[in-house]
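Topology and contacts: notes
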Amino acid sequence: MQIKPVFVALRRHRLATLLIALEIALACAVLCNACFLIVTRVQQTRLDSGVDEAALATIKLTGYDSANAIDLNARIVSGLRTIPGMQAVSVINAVPFGDHMSTAGITLDAAGQHFGGVIDFYLADPVAFKALGLQLVAGRAPQAGDYQPMTAFLPNSADVVISRSLAEHLWPGADPLGKEFWCEKFHFRVAGVVAHLARPSAGEGGPGTIEWAAFTPVQPGPNLAGVYLLRADPRDLPRVLRDARAAIAKIAPDTVLDSQASQTISELRLRYFRQDRAMAGMLIGVIVALLLVTALGIVGLASFWVQQRRKQIGIRRAIGATRGDILHYFQTENFLIVTLGIVLGMLLAYALNLLLMTRYELPRLPLYYLPIGALALWLLGQLAVLGPALRAAAVPPVVATRSV
Amino acid sequence: MFGYYFDLAIRSLKRNKVLTALMVLAIAVGIGASMTTLTVMHLLSGDPLPGKSATLFYPQVDPSTSPDPDHDHQPFDVLDYRSAMELWGAHRADRQTLVTSSSLRLTAPEVNLPPLMATMLSTTADFFPMFDVPFEYGGSWHAQDDEKRTRVAVISADLNRRLFGGANSVGRTLRLKNSDVRIVGVLASWRPSPLFYEVAGGRFASGETADFYAKPEDVYMPFASSLEVNDGGFQPFTCWHVPDAGAKLQNSPCVWVALWVQLGSAVKVSDYRRFIADYAAQQKALGRFVHADNTRLPSMMEWLDFNQVVPSDVRLQTWLAFAFLLICLFNTIGLLLAKFMRRAGEIGVRRALGATRRAVLAQCMVEAGLIGLLGGIGGWLLTMIGLWLVRRQPLVYADLVHLDAVMFLTIFVLAVLASMVAGLLPALRASRIAPGLQLKTL
């Protein structure tokens, strides 16, 4: 196949060629970045919360008098435990993907000079650690003596278990065991590290902070009541939660069940990420429409060129070109135009990524997206041109002899 | 002449139905996508109180006593109790109102419904006239109710429907936590976008600001009496020190109350600016403030902009949709070029018969405009489908999404304008066709 005649012909249609190439370039830029956005979003939804989500549910009560908190805890825990299939009932302040409860800024020194970040404290009773199913990777789990009464919104001093992600953030590269941190006068020492522990939701600093959580052993009391963690076999869990919600009306008629928050953890997780899923869905829609419009553009212009060149095609056929030659001619032409578009498109994709990086805190576009995008557009171009090219190849040589 | 060109355009469009359909489709899809996102953007970024927002201001002082090492010198987003009460109590603006939101248990003794958790706005009498809040029944409480701590409440249309089936419930009683409160007013349906008076903390939200578009509260109560009714039920926005155990929020080192003021003229604004600066200086002299120079008085729109109320996902979608529209336009340029050049012979004849270049150009532009109009109709249908899809999304602002008259017109203006821009280059090309060359090949 000779490329030179194709070039010569294209130079006679500079404007149309450039338009299609520009369209492909824009499509390439949007395609690469949209795909990257989708992958980033989907990766966020794959977060490992570190807890046995399938086996856990939560009940949240509001509207009770905090003077009755100790009595309420006792009534709820003993009442819910009698539900058949219930494996554990724990008093906890918050659950992953639920509502924020104890969020506070911490410092790495007692004087409060070295700021460590804003983290979430999971304040929980002795049942919770095992019920959550946390995976310890270093140090020890909280022991009976660690669970202290709490007179303020945090215990005065506690041995906590933190996530690996938080340990890496606070003391990069160092062994976190035995390290200390403070929240004003409240003092904490790291006794253990778990592989993962997601907090209710990421804070300032974006999705990267989702695991900045510390499991803090405490005794339930006036400052820790109203939120309960339920554990049951995943198969029983929906029924157990239903029974528990129904039982609340009898056990604690003086409270109001927060229906929105009283869900299985899987349901809360689904809700937490629905915005990301909706965005990914919308981006996929844009990509499909984009590819469709680009393909239609190629079909339209290629059809026009085929019709315009019917006579030339007839002449070529008459002087010995095969159908294959004509087919290849149009395929090569399309390949050249799309290639020009892709070269421009890669630069544009990078420029667009830089813009997104500054405005939307998006990471840098990995380079392997560019060849994948290029491949997709080459394929799209070839598919789109196939119809018009086949029609061109079907032009009979006799056309050359007509109306000359 | 326009009628003739229009007729020619219709004939031309009919001649090659596939190419016409492709062009109309490209414009329709581009317009549909961009107008869907633009409509959402328009609804979320609009002025919640047009004509009035310029007179509303948000005073800020800095009560923090901690010498924050990386202090960005931006005061807290809301006020501490004492500053808020003193600034409000000075009555130095045309109107001023305090706002803070909490939730509490609500029952209606006369209605047989299980207790529910309601959201309550603690505010003052000025709130209703200041923000043009519409009433269905009854009206606001009076300024003296703020002073006398009267147990009265205004309820939302939504709550009135849930509790009393939408009937006039003025004079009825609500039980809020453990107190009885008399209803004095019922709001008509009211859905400001965003819920401007509660916007705060946008800079900490990482762009996830959809909650600024939540529905207004169920219950409105005079500030002082609501503090008694829902004692212990208020949450601080943030604290600069850990509050003492058992301390009342009013006395703790926390910020949780917002103040809005209405200032009718530029002179009043500068006077008020001086007033809060003087107040901060006086508080520093008293030893209560450390950062006395750190006062602000943004207008409502400035405050909304500062909080970047439009969620970043919505902004991103708008950018994306316009990139998409651009691609659709390139597509249309290419197709129009093909269409006009295919008619080179016909244009050659017209030119030879005496049509000027300008006439050919006009004819081509009319045709492009007609394609735009058809694309606009398709785009309108696609926008309706797009908005329907947005409404089905689990978004707090889903119920706000609709196509208003402005956006309806924008669709067609944008569609025709876009197709005319796309048609300009092909039309210029067509008008340059040399008549002689074309006639020879006929």
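Numbering of residues starts from 1 in every chain and runs along the sequence as written. Chain letters start at A and ligand numbers start at 1, both assigned in the order the entries are written. Residue-level local features of this predicted model are given only where pLDDT is at least 70; pairs of side-chain atoms are given and counted only at 80 or more, and the full residue set underlies all totals for whole chains, interfaces and linings.

1. Quick word on the overall build of chain A
Quick reminder of the rule: Runs of E in the DSSP output that reach at least two residues are strands. Runs of H or I that reach at least four are helices, and both are numbered from the N terminus. Taken over C-alpha atoms, the radius of gyration is set against a globule rule of 2.2 Å times the number of residues to the power 0.38. To assign burial, the other C-beta atoms lying within 10 Å of each residue's own C-beta are counted, with C-beta atoms placed from the backbone; 20 or more indicates buried, 12 or fewer indicates exposed, and intermediate counts indicate partly exposed. Each residue is represented by a C-beta atom placed from its backbone, and any two residues with such atoms within 7 Å are regarded as in contact.
Tallying secondary structure elements over chain A gives 11 helices and 11 strands in all. The globule rule puts the C-alpha radius of gyration for 404 residues at 22 Å, and the 32 Å found for chain A is more than 25% above it. Here the C-alpha coordinates of chain A stretch approximately 100 × 50 × 30 Å along the principal axes. Relative to its 404 residues, chain A shows a buried fraction of 44%. The long-range fraction of contacts in chain A, counting pairs at least 24 apart against all pairs at least 6 apart in sequence, stands at 83%.

2. Focus: the overall build of chain B
Looking only at helices and strands, one finds 14 helices and 11 strands in chain B. On C-alpha atoms alone, chain B measures out to a radius of gyration of 30 Å, which is more than a quarter above the 22 Å that the 2.2 N^0.38 rule sets for 442 residues. For chain B, the spread of C-alpha atoms along the principal axes amounts to about 95 × 55 × 35 Å. Residues classed as buried in chain B amount to 45% of the 442 residues present. Restricting to contacts in chain B with at least 6 residues of sequence separation, those with at least 24 account for 79%.

3. Concerning the interface of chain B and chain A
Our working rule: For this scheme, ten residues count as nonpolar: Ala, Val, Leu, Ile, Met, Phe, Trp, Tyr, Cys and Pro. Four count as charged, namely Asp, Glu, Lys and Arg, and the remainder, Gly too, count as polar.
Taken together, the contact pairs 38 residues of chain B with 39 residues of chain A. Grouping the amino acids of the side of chain B that touches chain A by side-chain chemistry returns 26 nonpolar, 8 polar and 4 charged.

4. Observations concerning helix α1 (residues 2-15) of chain B
To keep it simple, the criterion reads: By this rule, a helix spans an expected 1.5 Å times one less than how many residues it contains.
The terminal C-alpha atoms of α1(B), which comprises 14 residues, lie 20 Å apart, in line with the 20 Å expected from a rise of 1.5 Å per residue. In terms of residue burial, α1(B) counts as a barely covered element, since only 1 of its 14 residues are buried.

5. Quick notes on the domain arrangement of chain B
Residue and element names in this part refer to chain B. The line we're drawing: Where each domain begins and ends is defined by an automated method or by a domain database.
What the domain assignment reports for chain B is domain 1 (2-48 + 312-441) and domain 2 (53-306). Inter-centroid distance (C-alpha atoms) of domain 1 to domain 2 is 48 Å. The partner domain 2 presents 12 residues to the 10 residues of domain 1 that form the contact. Looking at the side of domain 1 that touches domain 2 residue by residue, the class counts come to 7 nonpolar, 2 polar and 1 charged.

6. Observations concerning the pairing of strand β11 (residues 254-262) of chain B
Residues and elements named next belong to chain B. What counts, and what does not: Any two strands with at least two DSSP-identified bridges between them are counted as paired.
Of all the 9 residues making up β11, 8 are buried; the element is thus mostly covered by neighbouring parts of the structure. Inspection of the sheet shows strand β1 (residues 56-57) paired to β11 by 2 bridges, in the antiparallel sense. Following the sheet pairing, F57 is matched in β11 by V261. By the bridge criterion, 2 bridges tie strand β2 (residues 79-80) to β11 in an arrangement that is antiparallel. Bridging from a neighbouring strand, D80 pairs with V255 of β11. As judged from the 5 bridges shared by strand β3 (residues 95-107) and β11, these two strands associate in the antiparallel manner.

7. Quick look at the sheet that holds strand β10 (residues 227-232) of chain A
The strands making up a sheet are joined through hydrogen bonds of the backbone, oriented either antiparallel or parallel. Residues and elements named next belong to chain A. To keep it simple, the criterion reads: Axis angles are defined between N-to-C directions and span 0 to 180 degrees, where every axis is a line fitted to C-alpha atoms and, for a helix, only to the segment in contact.
Overall, antiparallel pairing links the 4 strands, which are arranged β2-β10-β1-β11 in an open sheet. If you trace the sheet from one side to the other, it starts and ends with β2 (86-91) and β11 (256-257), each paired once. Examined bridge by bridge, strand β1 (residues 56-62) and β10 share 5 bridges and lie antiparallel to one another. Within β10, the residue paired with A57 across the bridge is L230. Across the sheet, helix α6 (residues 237-251) is in contact with β1, β2, β10 and β11; its angle to β1 comes to roughly 15°.

8. Here's the deal with the nonpolar core
Applied cut-off: For this analysis, nonpolar core means a set of buried Ala, Val, Leu, Ile, Met, Phe, Trp, Tyr and Cys residues linked through C-beta atoms within 7 Å.
Membership of the largest hydrophobic core comes to 103 residues, with the highest contact counts inside it found for A:L26, A:C28, A:V30, B:I27 and B:F324. Those elements giving two or more residues to this core turn out to be α2 (14-45), α8 (274-308), α10 (323-360) and α11 (369-393) of chain A together with α2 (17-45), α10 (312-342), α12 (357-392) and α13 (405-431) of chain B. Considering each element in turn, this core owes the most residues, 17 residues, to α2(A). Contact partners of A:L26, with chain neighbours within four places excluded, come to A:L348, B:A323, B:L326, B:I327 and B:F330.

9. Thoughts on the packing of α2(B) against α10(B)
All names here are of chain B. Just so we agree on the cut-off: Oblique is the label for any angle not under 35 degrees, not over 145, and not in the 65 to 115 range, which are roughly parallel, roughly antiparallel and roughly perpendicular in turn. Left-handed describes a crossing whose near helix is turned anticlockwise from the far helix through less than a right angle; right-handed describes the clockwise counterpart.
Between α2 and α10, whose axes approach to 8 Å, the crossing angle comes to 160°. Here α2 is positioned roughly antiparallel relative to α10, judged by the angle of their axes. Crossing of α2 over α10 shows left-handed handedness. A per-class count over the contact of α2 with α10 returns 22 nonpolar, 7 polar and 1 charged.

10. Considerations on α6(A)
For α6(A), built from 15 residues, the straight-helix expectation of 21 Å at 1.5 Å per residue is met to within 8% by its first-to-last C-alpha distance of 20 Å. Among all positions in α6(A), only A:L237, A:V240, A:L241, A:A244 and A:I248 are buried.

11. Focus on the domain arrangement of chain A
Reports of interface size often rely on the accessible area that becomes lost once the parts have come together. In terms of domain boundaries, chain A breaks down into domain 1 (4-45 + 275-401) and domain 2 (103-119 + 135-213). Computed over C-alpha atoms, the centres of domain 1 of chain A and domain 2 of chain A are 52 Å apart.

12. Topic: the environment of A:F115
Residues and elements named next belong to chain A. Tracing the sequence through the fold places F115 in strand β4 (residues 115-124). The exposure class of F115 is partly exposed, given the 14 C-beta atoms found within 10 Å. Each C-alpha atom, one on F115 and one on S259, is 37 Å from the other, the two residues being 144 residues apart in sequence. In contact with F115, other than residues within four places in its own chain, are G105 and T107.

13. Describing unusual backbone geometry
All names here are of chain B. Cis rather than trans, the peptide bond between S193 and P194 has omega equal to -5°. Within the secondary structure layout, P194 lies in the loop between β8 (179-187) and β9 (219-222). Backbone geometry at D132 places phi at a positive 50°, although glycine is not the residue there. In this structure, D132 sits in the loop between α4 (127-130) and β5 (135-138). According to the C-beta neighbour criterion, D132 is exposed, with 12 such atoms within 10 Å. Positive phi values are uncommon outside glycine, yet K177 reaches one of about 55°. You can see K177 is positioned in the loop between β7 (173-176) and β8. Since 19 C-beta atoms lie within 10 Å of it, K177 is described here as partly exposed.

14. Here we look at the confidence of the model for chain A
This is how it is decided: Scored between 0 and 100, pLDDT is the confidence that the predictor attaches to each residue.
Model confidence for chain A is summarised by a mean pLDDT of 89, while 99% of its residues fall at 70 or above. Looking across chain A, the model is least confident in helix α1 (residues 4-11) of chain A, with a mean pLDDT of 82, and most confident in β10(A), with 95.

15. A closer look at the environment of A:V299
Residue and element names in this part refer to chain A. As for its placement among the helices and strands, V299 is situated in helix α8. Note: C-alpha distance between V299 and T216 (83 residues apart in sequence) is 64 Å. Those residues in contact with V299 that sit more than four places away from it in its chain are A384, G387 and P388.

16. Here we look at the packing of α2(B) against α13(B)
When two helices pack together, their arrangement is given by the angle between their axes and by how far apart the axes lie. All names here are of chain B. Packing of α2 against α13 brings their axes to within 10 Å, and their N-to-C directions diverge by 140°. It follows from the interaxial angle that α2 and α13 lie oblique. Seen from above, α2 lies across α13 with right-handed handedness. Along the contact surface, α2 presents I27, I31, M35, T39 and H42, while α13 presents M407, T410, I411, L414, A415, A418 and S419. Split into classes, the residues belonging to the contact of α2 with α13 amount to 8 nonpolar, 4 polar and no charged.

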